[in-house]
Amino acid sequence: MKILCEAGLQVCAVNSGPRIDPDVDYRGHRQVYDLKYRGYGDPVRLKGKAHQEPYSVEESEYSEGRDLFEHDVAYSNAPGTDWYWKRCKATGGKANFWGRSSARFGDIDFKAADLDGFGENWPVDYAEIAPWFSKAERYMGVASTIQNRPSNPDGEYLPPIPLRCIDYIIQKGSEKIGVPYLPDRCAQLTVAHNEHPACHYCGNCSRGCDVGSFFSPTWFTIPEAEATKNLTLLTNALVRSVLVDVNGRARGVAYVDRKSKREVEVYGKVVVLAASCVETAHIMLNSKSRHWPTGIANSSGELGKNLCEHLYGNPGYGYLPQLLGQPATPDNIADSTVAWMPRWQNVKNPHEEKFIRGYSVYMGGGCGDFPGYYGQLEGFGSKFKRDIKRYYPTTIGALIQAPTLPSPNNYVDIDPEKKDIFGIPQLRFHFQWGQNELLMWEHSKQVMIDLFKAMGGELWGAGEEPDRPGTSLHETGVCRFGNDPKRYVTNKWAQTHDVPNLYICDASIFPNCTDKTTTMPIVAFTMRTCDHMLDNFKKSVHVRA
Ligand SMILES: Cc1cc2nc3c(=O)[nH]c(=O)nc-3n(C[C@H](O)[C@H](O)[C@H](O)COP(=O)(O)OP(=O)(O)OC[C@H]3O[C@@H](n4cnc5c(N)ncnc54)[C@H](O)[C@@H]3O)c2cc1C
Ligand code: SF4
């Protein structure tokens, strides 16, 4: 929106939920005892909703105020699938609450198929996309260090977030077992940047930032687009399909006004879908017409296919006895991806391990706002409280981020029978973990056993199984990009092969996931797509209204 509006185009942005207002919607600076339900939120708030589970960290009494999360639009899971589809319907989407980890993809990702023989290379290589990663990093503000890691190209960084006490101990242990432990690439402002203030480390980022010290559309792109006066922002407008003209080209979108439940149409010379990966495929699969009987721009039959996800789970948690009795430190960055273990497996040789590709690990802990380890301790009453305090500076836990490989079993389609309350046919998930990522999961548990030993820690346990698929919120695929119109939904500019005035700006174009997160790359690829689109306007491929 920002790039197109600043170039002088009139943009109509259609968003399914309300406009977020940080003054009203974020309560990050309050204490739990200031909140009626002690931070957990009204237990009956979701009664009668299609999707009744509250979403984990981000949806709580700190941000539940104005119905920011999607609970009305139902979805289905095919038998044997347990997908957990978390959605923020407010303007700015999930990036209001994201974890901010922002590593670059590299040729080890783009050309993985050449290296290990599985799947397909991406239609771009590092040399081509690197300048866009730089543009995205310069705009967003990403804190990190230069690390010269083969799996993680370095970028343009603000000073890193200082390591916590636990990080120094983990780093020493990691060195002993040959695993890197380094500052993550984190889109959090360690210094003031592009007129946004430096972070004051209140530590509540997953509930939204009150001052805009990490990248989010709420504080960055939306106000900048609005400042051009070229943006019309429609809210509570749930897009159900892309409209086409007599030639099958995109003509606009049809949306349901959530309040009146009436269907409305808006028209444009170009349509851009950026509804967050699977929802983009949902809209396209529901955009059936004489020209596109199986969904718009689906002549390849690949729409909805190649769904990939990060396997998330806790491969090890425990505490560091050497920190018992130490005073608590102001670790209110405990909520940040301060440091991580960037991929170290299959780096020199693609077949070093029993699995192909590789995974990364984040380590959490330190003196955070809430003692999340309470469930690991037994006891009752004042002894229990004393124990909680005793362990306060010492506990740590790991989070594995392991990419799945594209599989014919993993895809989304339209449920033939079910519709949501707006009458829109529901999206249906088909997804199973594959053997490759399950091998990574087992590998990471052994790494944690070795790490805790090496750093003198005590391992309390590990997650019995990975988190539910969908938990990571880094799903990719379903509209994969590539050069051959018979096998890919969009070209390498994210312009659909079949419908040249329909573009896609989210992670659905990425053919698979990697050991890194997706948001900074989504921003980088989107910036590149916008420049390509503007070029197409200049060349009169698209005609201005
Ligand atoms: C707690 C948490 C931690 C995370 N940590 C990280 C991290 O460390 N690093 C990282 O890279 N990513 C992380 N993510 C994921 C990150 O937030 C997403 O990758 C990113 O927000 C995706 O951007 P998007 O614009 O594609 O989708 P979204 O942010 O979901 O935005 C989609 C927008 O489209 C709108 N929309 C959807 N459907 C429709 C429709 N039918 N009609 C109209 N509008 C519609 C929604 O209202 C929303 O505003 C995290 C997310 C969360 C919640
Ligand atoms: S820790 Fe920093 S970035 Fe996070 S919410 Fe607080 S001020 Fe914002």
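Because the structure is a prediction, the values reported are computed rather than measured. (Residues numbered from 1 in each chain as written. Chains lettered and ligands numbered in written order. Predicted model: local features only at pLDDT ≥ 70, side-chain atom pairs only at ≥ 80, totals over all residues. Heavy atoms only, no water.)

**Some details on the site of ligand 1**
- Around ligand 1, the surrounding shell holds 31 residues, and the nearest of these are N15, K94, G99, V239 and T519.
- The side chain of N15 places a nitrogen or oxygen atom 2.8 Å from an oxygen atom of ligand 1.
- At 3.1 Å from an oxygen atom of ligand 1 is found a main-chain nitrogen or oxygen belonging to R100.
- For ligand 1, the protein covers 88% of the area, taking 980 Å² as the surface of the free molecule.
- Counting only elements with at least two residues in the shell around ligand 1, the list comes to β5 (237-244), α8 (278-285) and α11 (519-538).
- Broken down by element, the shell around ligand 1 gets its largest block of residues, 3 residues, from β5.
- The residue inventory of the shell around ligand 1, partitioned by class, reads 14 nonpolar, 11 polar and 6 charged. (Near = heavy atom within 4 Å. Polar contact = N/O pair within 3.5 Å; in protein donor to acceptor, adjacent residues only side chain to side chain. Areas by Shrake-Rupley, 256 points an atom, 1.4 Å probe, with all protein chains shown as cover. Helix = DSSP H or I, 4+ residues; strand = E, 2+ residues; numbered from the N terminus. Nonpolar A, V, L, I, M, F, W, Y, C, P; charged D, E, K, R; others polar.)

**A look at the sheet that holds strand β14 (residues 411-419)**
- Strand order in the open sheet formed by 3 strands is β2-β15-β14, with mixed pairing between adjacent strands. Of all the strands in the sheet, just β2 (75-77) and β14 have a single pairing partner and so form its edges. Taken over all neighbouring pairs, the strand axes of this sheet differ in orientation by 35° on average, direction set aside.
- Alignment of β14 against strand β15 (residues 425-430), held across 5 bridges, turns out to be antiparallel. From the neighbouring strand, D413 faces β15, where its bridge partner is R428. (Pairing = 2+ DSSP bridges. Axes fitted to C-alpha atoms, helices over the stretch in contact; angles between N-to-C directions.)

**Overview of unusual backbone geometry**
- Here R38, not a glycine, exhibits a phi torsion of approximately 55°, which is positive.
- Along the polypeptide, R38 turns up in the loop between α2 (22-25) and β2.
- Classification of R38 as partly exposed rests on a relative accessible area of 47%.
- The backbone phi angle of S276 is positive, close to 90°, even though this residue is not glycine.
- Secondary-structure assignment places S276 in the loop between β8 (271-273) and α8. (Buried < 20%, exposed > 50% of the residue type's maximum accessible area, 1.4 Å probe, protein only.)

**Digging into the site of ligand 2**
- Close contacts around ligand 2 come from Q188, C199, H200, Y201, C202, G203, C205, C209, S213 and F214, and that covers them all.
- When grouped by side-chain class, the residues that make up the shell around ligand 2 number 6 nonpolar, 4 polar and no charged.

**Looking at the packing of aromatic side chains**
- Throughout the structure, instances matching the rule amount to 31 aromatic pairs.
- Centroid distance W85 to F429: 5.4 Å. Interplanar angle 70°. Geometry classified as edge-to-face. One end of the pair, W85, is in the loop between β2 and α3 (107-110); the other, F429, is in strand β15, with 344 residues separating them in the sequence. Each member of the pair, W85 together with F429, is buried.
- Their ring planes at 80° and their centres at 6.5 Å tell us that F133 and F525 sit as a pair that is edge-to-face. Note that F133 is positioned in helix α5 (residues 126-140) and F525 in helix α11, a separation of 392 residues in sequence. Taken individually, F133 and F525 each receive the classification buried, so the pair is uniform in this respect. (Phe/Tyr/Trp six-rings, centres within 6.5 Å; stacked < 30°, edge-to-face > 60°.)

**Considerations on the nonpolar core**
- Counting residues in each nonpolar core, the largest one holds 70 residues, and the members touching the most others are F110, M140, M284, I296, F429 and L502.
- Broken down by element, the residue count for this core peaks at 8 residues, all from α5.
- Excluding anything up to four places from it in sequence, L502 contacts V242, A250, V271, L273, M284, I296, A297, A494, Q495 and T496.
- Counting 26 residues, the second largest nonpolar core, distinct from the first, contains I166, W344, W441 and V447. (Core = buried A, V, L, I, M, F, W, Y, C linked by side-chain atoms within 4.5 Å. Contact = heavy atoms within 4.5 Å.)

**Things to note about the pattern of salt bridges**
- For the structure shown, the criterion picks out 29 salt bridges.
- Between R185 and D154 there is a salt bridge whose closest N-O contact spans 2.8 Å. Residue R185 is found in the loop between β3 (182-183) and α7 (221-227), and its partner D154 is found in the loop between α5 and α6 (165-177); the two are separated by 31 residues along the sequence. In this structure, R185 and D154 share a single accessibility class: buried. (Salt bridge = Lys/Arg side-chain N within 4 Å of Asp/Glu carboxyl O.)

**As for helix α9 (residues 381-391)**
- If you check which residues of α9 are buried, you get D387, I388 and Y391. Take α9 and look down its axis: the buried residues cluster within an arc of 100°, on one side only. Exposed side chains of α9 directed beyond 90 degrees from the buried face belong to K385, R386 and K389.
- Next to the buried residues of α9 lie β10 (317-319), β13 (395-403) and β16 (458-461). (Arc of directions from axis to C-beta.)

**Focus on the pairing of strand β12 (residues 360-365)**
- In terms of burial, β12 is a largely internal element, 5 of the 6 residues being buried.
- Of the strand pairs in this sheet, strand β11 (residues 339-341) and β12 are connected by 2 bridges, and their pairing is antiparallel. Looking at the pairing, W340 lines up with Y362 of β12.
- Judged from the 6 bridges that link them, β12 and β13 form a sheet pairing that is antiparallel.

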